[in-house]
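# Secondary and tertiary structure notes
Each chain, written out:
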There are 2 protein chains.
Amino acid sequence: MTDDLDRGLPIDGPQLLRDLRELATIGGVETGVERLAFSPDDVAARRWVAARMAAAGLEASTDRYGTVYGRAVGASRAVLIGSHTDTVPRGGWLDGALGVAYGLAIARAAAGRLPDGFGVDVLNFQDEEGTYLPCLGSLSFTGELDDAAVTRARDRAGTPLRDAIARAGFPDLDVRLDPDRHVAFLEAHIEQGPRLEAGGLDIGVVTAIVGIRRLRIRAHGRADHAGTTPMDMRADAGMALFRLANRIADGFAAVGGAGAVWNIGSIALQPGAANVVPASAEMVVEFRDVSDATLDRLEEALRSWAADLPVPVEADVIARIRPTPMDARLGDAMEAAAHAGGATTLRMPSGAGHDAMVLARRLPSGMLFIPSIGGRSHDVVEDTAEDDIVRGCQVLADTVLRLARSAA
Amino acid sequence: MTDDLDRGLPIDGPQLLRDLRELATIGGVETGVERLAFSPDDVAARRWVAARMAAAGLEASTDRYGTVYGRAVGASRAVLIGSHTDTVPRGGWLDGALGVAYGLAIARAAAGRLPDGFGVDVLNFQDEEGTYLPCLGSLSFTGELDDAAVTRARDRAGTPLRDAIARAGFPDLDVRLDPDRHVAFLEAHIEQGPRLEAGGLDIGVVTAIVGIRRLRIRAHGRADHAGTTPMDMRADAGMALFRLANRIADGFAAVGGAGAVWNIGSIALQPGAANVVPASAEMVVEFRDVSDATLDRLEEALRSWAADLPVPVEADVIARIRPTPMDARLGDAMEAAAHAGGATTLRMPSGAGHDAMVLARRLPSGMLFIPSIGGRSHDVVEDTAEDDIVRGCQVLADTVLRLARSAA
């Protein structure tokens, strides 16, 4: 056993980078890629992944939605490694693709180097980005996909998901989580934020995927002439929300603690004329934290501040995603593997959602982050240094070896 | 002379109200009216006014734009009384119409009751509301109308003003201010605000028409993922403007004094998604005061606060209208006439623009306000009690008599 660890699972860095560069040519746009779920480029990328799985000695199958599963032949227990190759419009070359390429690289490195009967299975989930239905592939894999939701789902242009599925022509097949076989899920991803780069750190060990709460706030005032109505006789719906926004900016850190983040991404005033006091105003406030109790406290504070405003205000929860803790033992293994290889680490939450959020409900799951240059993502400028890409894959490979050893 | 004053100019209140009700049937919409400048209903209303002028013994003429001028026959000097019969979309029955109907009523009452050679001329200006070009009629009357502006002007649907003029088919005629004849301009109007009603007062004596300054504020931040970017690493353009809006609400009263009013009528954040930190934000801030120096101080304060924000901000003046003082002697005469008739008064600025703003540059001009129910205007619910309508007309008539006596 100690021999296995010493020898490690040596990652072929140049091959990993070649895989990523080749995959990035499918749907390439400037320095990024665009592979919207079920688009011809998405289908082509999934075929490419299936071929690379086969070349790595995995048994590849594609399900009815396009999720590609590469099964380690001869193994009875396996670590699942994967992510997704679909992207947002004008997305980056690494978001999702990185986690799939890591799976391929580690499956290749693991061949013949893991305890008998133990393998690495690779997954490429469909539509994580929600072109039609966020995390469609992972929800189907865990058996949580709601048939009615599939029937309802449409893209922004109004195309029904059912039509997109029919057009893509994937096999009439399901691939499903197998609790007897699958011991853990590992997803590697670019950080999509600036913390690792700013701290000069190599690896993010994800403690939890944050919960998200999104409220629509509506203030009801009265339209008055902005020249003839004295200031103290107005019911200004816009100013009410400006006051609330400031209260949030001043108070949320104290209520939510250091880790909580929030955003006011949109606001609109009606009727919207320079010379009319706003009769109504609407804004969307989103906040995220790893603790549901913290999200509750933030919502409660927001509601009490809204109730203090001089005009009537409604607050409706329009989205609520619970926080998802990652498996602590997997986090410890990633951290130990990183430190043993000389990499520095940061325990950090994931501020964005991922397929690991879905998998974690059924299986011990862990996420590993590598630095994002400038913290940029969901844009063609998204990038990560090649050394960081290779280092992250080696840490994840070493993690797999540690898991296999302890599971064997 | 004292006899004239004692006898007064008795207004026929029921006739005044019948005129207003009849005029309100032209373009009637629910409880209001819609007579957009140059529309068939606007043209019909102007024909109706010309006929009523003729019935009152005035010599009526209509100019190329539709301004209707009723000239007191046999007078060599005259007080001008008037306003406009064009309206905003779904406007009120009194905005503009009141000042024209007062002119008709006072011209009728004045017949044979003023010193020899002195008369009341009545004006119904075109497009005060700016369907094509605000105060078109009064600008033409004073000789300030810019021919290039007429050529440029279009309504919201893109119709050129020149086409509207041709379609309306008014006579090829100018009516112009005559400095030898016209001694003063008096415009009566509903207050369009709540101050008279709230104070239980009868008459507003307008001290000045406020100046307006309008600035477009643009903040430049950076779009970041609202989940993965720590709060202290953001450049949030939206929050910068929320901070500025609060600074305005907290600080403008101290800078501008009791009379200044301001409004933030619109704001937009880009890209406008709940989960993206706003990259840019734009809002329009408008402020009004009777003093240009006060407007300068407010603009200076706004610019200094904007410069304090954590992201770059531009502020551009997109509209600048100078304050217009009303003639003090006319104000004194209105106040004296009101008090002599037992009416209570308030010296107050006009927060909205009126034709008197244009006339005041060439002629002593005064404005009289009557209460607006609920302060409402530019809406079909606009209304004023009949007693208030008649009382205001009597005060304006008594003012005319005082002017005629002192001018005779």
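A few points on the structure.

## Observations concerning the interface of chain A and chain B
- Every contact between the two is made by 45 residues of chain A and, on the other side, 45 residues of chain B.
- The junction of chain A with chain B conceals about 4,000 Å² of combined surface from both sides, 60% of it contributed by carbon and sulfur atoms.
- Ranking the residues of chain A by area buried against chain B places Thr228(A), Phe242(A) and Ala274(A) at the top, with a combined share of 13%.
- Between the two partners, chain A and chain B, sit 2 salt bridges.
- Its salt-bridge partner being Arg243(A), residue Asp250(B) comes within 2.9 Å of it at the nearest N-O pair.
- On the surface where chain A and chain B come into contact, there are 14 residue pairs in polar contact (both at pLDDT 80 or more).
- With 8 residues, strand 10 (residues 261–270) of chain A is the largest single contributor of residues to the side of chain A that touches chain B.
- Across the side of chain A that touches chain B, the residue classes tally to 23 nonpolar, 13 polar and 9 charged.

## Description of the pattern of salt bridges
- The final tally for this structure, using the stated rule, is 60 salt bridges over all chains.
- One salt bridge in this structure joins Glu286(A) and Arg214(A), with 2.6 Å as the shortest N-O distance. Residue Glu286(A) is found in strand 11 (residues 280–289), and its partner Arg214(A) is found in strand 9 (residues 211–220); the two are separated by 72 residues along the sequence.
- For Glu286(A), a relative accessible area of 1% translates into the label buried.
- Arg214(A) sits in the partly exposed class, given a relative accessible area of 22%.
- A salt bridge links Arg52(B) to Asp19(B); the shortest N-O distance between them is 2.9 Å. One end of the pair, Arg52(B), is in helix 3 (residues 40–55); the other, Asp19(B), is in helix 2 (residues 13–24), and 33 residues separate them in sequence. The exposure classification of Arg52(B) matches that of Asp19(B), with both residues buried.
- What you see here is one network of salt bridges that share partners, running through Arg213(A), Asp292(A), Asp296(A), Glu299(A), Arg303(A) and Arg322(A).

## Some points on the sheet that holds strand 10 (residues 261–270) of chain B
Residues and elements named next belong to chain B.
- Reading across the sheet, the 4 strands line up as 10-11-9-12 and stay open at both edges, with antiparallel pairing between neighbours. The open sheet has two edge strands, strand 10 and strand 12 (313–321), and neither has a second partner. Each strand of the sheet is rotated relative to its neighbour by a mean of 15 degrees, with strand direction disregarded.
- As paired elements, strand 10 and strand 11 (residues 280–289) share 9 bridges and run antiparallel to each other. Paired with Leu 269 across the two strands is Ala 281, which belongs to strand 11.

## Points about unusual backbone geometry
- With an omega dihedral of 5 degrees, the bond running from Gln270(A) to Pro271(A) counts as a cis peptide bond.
- Tracing the sequence through the fold places Pro271(A) in the loop between strand 10 and strand 11.
- With a phi close to 50 degrees, Arg90(B) is a non-glycine residue in the positive phi region.
- Mapped onto the elements of the fold, Arg90(B) is located in the loop between strand 5 (77–84) and helix 4 (97–110).
- Not every positive phi belongs to a glycine, and Gln192(B) is a case in point at roughly 65 degrees.
- Look at Gln192(B) and you get buried, because its relative accessible area is 2%.

## Examining the pairing of strand 4 (residues 68–72) of chain A
Residue and element names in this part refer to chain A.
- Within strand 4, 4 of the 5 residues are buried, leaving the element largely enclosed by the surrounding structure.
- Looking at chain direction, strand 3 (residues 58–62) and strand 4 are connected through 5 bridges and run antiparallel. Within strand 4, the position partnered with Glu 59 by the bridge is Arg 71.
- Taken together, strand 3 and the strand that follows it, strand 4, pair antiparallel across an intervening segment of 5 residues, in which Gly 66 is found at a positive phi of about 110 degrees.
- As paired elements, strand 4 and strand 6 (residues 118–125) share 3 bridges and run antiparallel to each other.

## Digging into helix 4 (residues 97–110) of chain A
- Taking 1.5 Å of rise per residue, the 14 residues of helix 4 of chain A would be expected to cover 20 Å, and the 20 Å separating its terminal C-alpha atoms lies within 8% of that figure.
- Counted residue by residue, helix 4 of chain A has 13 buried out of 14 residues, so it is predominantly covered.

## Section: helix 2 of chain B
All names here are of chain B.
- When the terminal C-alpha atoms of helix 2 are compared, their 17 Å separation across 12 residues agrees well with the 16 Å that a helix rising 1.5 Å per residue should span.
- In this structure, the buried side of helix 2 is in contact with strand 1 (28–29), strand 2 (32–33), helix 3, helix 4 and helix 13 (386–407).
- Two or three places before Gln 15, at the opening of helix 2, Asp 12 has a side-chain oxygen 3.1 Å from that residue's backbone nitrogen.

## What about the packing of helix 2 of chain B against helix 4 of chain B?
Residues and elements named next belong to chain B.
- In the contact formed by helix 2 and helix 4, the axes pass within 10 Å of each other and the chain directions differ by 140 degrees. By the angle between their directions, the pair helix 2 and helix 4 is classed as oblique. Between helix 2 and helix 4 lies a crossing of right-handed hand. Across the interface between the two elements, Gln 15, Leu 16, Asp 19, Leu 20 and Leu 23 from helix 2 touch Ala 97, Leu 98, Ala 101, Tyr 102, Leu 104, Ala 105 and Arg 108 from helix 4.
- The residue inventory of the contact of helix 2 with helix 4, partitioned by class, reads 9 nonpolar, 1 polar and 2 charged.

Procedures and definitions
- Residue numbering note: each chain is counted from 1, following its sequence as written.
- Think of it this way: whatever chain is written first is A, whatever ligand is written first is 1, and the rest follow in order.
- Residue-level local features of this predicted model are given only where pLDDT is at least 70; pairs of side-chain atoms are given and counted only at 80 or more, and the full residue set underlies all totals for whole chains, interfaces and linings.
- With hydrogens and water set aside, each side-chain value is computed from the structure's full complement of heavy atoms.
- Should any heavy atoms of two residues lie within 4.5 Å, those residues are considered in contact.
- Accessible surface is computed with a 1.4 Å probe, and the buried area is the amount of it that two parts give up when combined, taken over both parts together.
- Here a salt bridge means any side-chain nitrogen of Lys or Arg lying within 4 Å of a carboxyl oxygen belonging to Asp or Glu.
- Definition of a polar contact: a pair of N or O atoms within 3.5 Å, with one able to donate and the other able to accept a hydrogen when the atoms are protein atoms, and with sequence-neighbouring residues admitted only if both atoms are side-chain atoms.
- Runs of H or I in DSSP of at least four residues are treated as helices and runs of E of at least two as strands, each being numbered from the N terminus.
- Ten residue types, Ala, Val, Leu, Ile, Met, Phe, Trp, Tyr, Cys and Pro, are classed as nonpolar, four, Asp, Glu, Lys and Arg, as charged, and the remainder, Gly among them, as polar.
- Burial classes follow relative accessibility: with a 1.4 Å probe on protein chains only, a residue under 20% of its type's maximum area counts as buried, one over 50% as exposed, and anything between as partly exposed.
- Note on pairing: two strands pair once DSSP finds at least 2 bridges between them.
- Only C-alpha atoms enter the line fits that serve as axes; for helices the fit covers just the stretch in contact. Angles between N-to-C directions range over 0 to 180 degrees.
- To estimate how far a helix should reach, multiply one less than its number of residues by 1.5 Å.
- Each angle gets one of four labels, with under 35 degrees taken as roughly parallel, over 145 as roughly antiparallel, 65 to 115 as roughly perpendicular, and the rest as oblique.
- Crossing chirality is assigned from the near helix's rotation relative to the far helix, an anticlockwise turn below a right angle marking it left-handed and a clockwise turn marking it right-handed.

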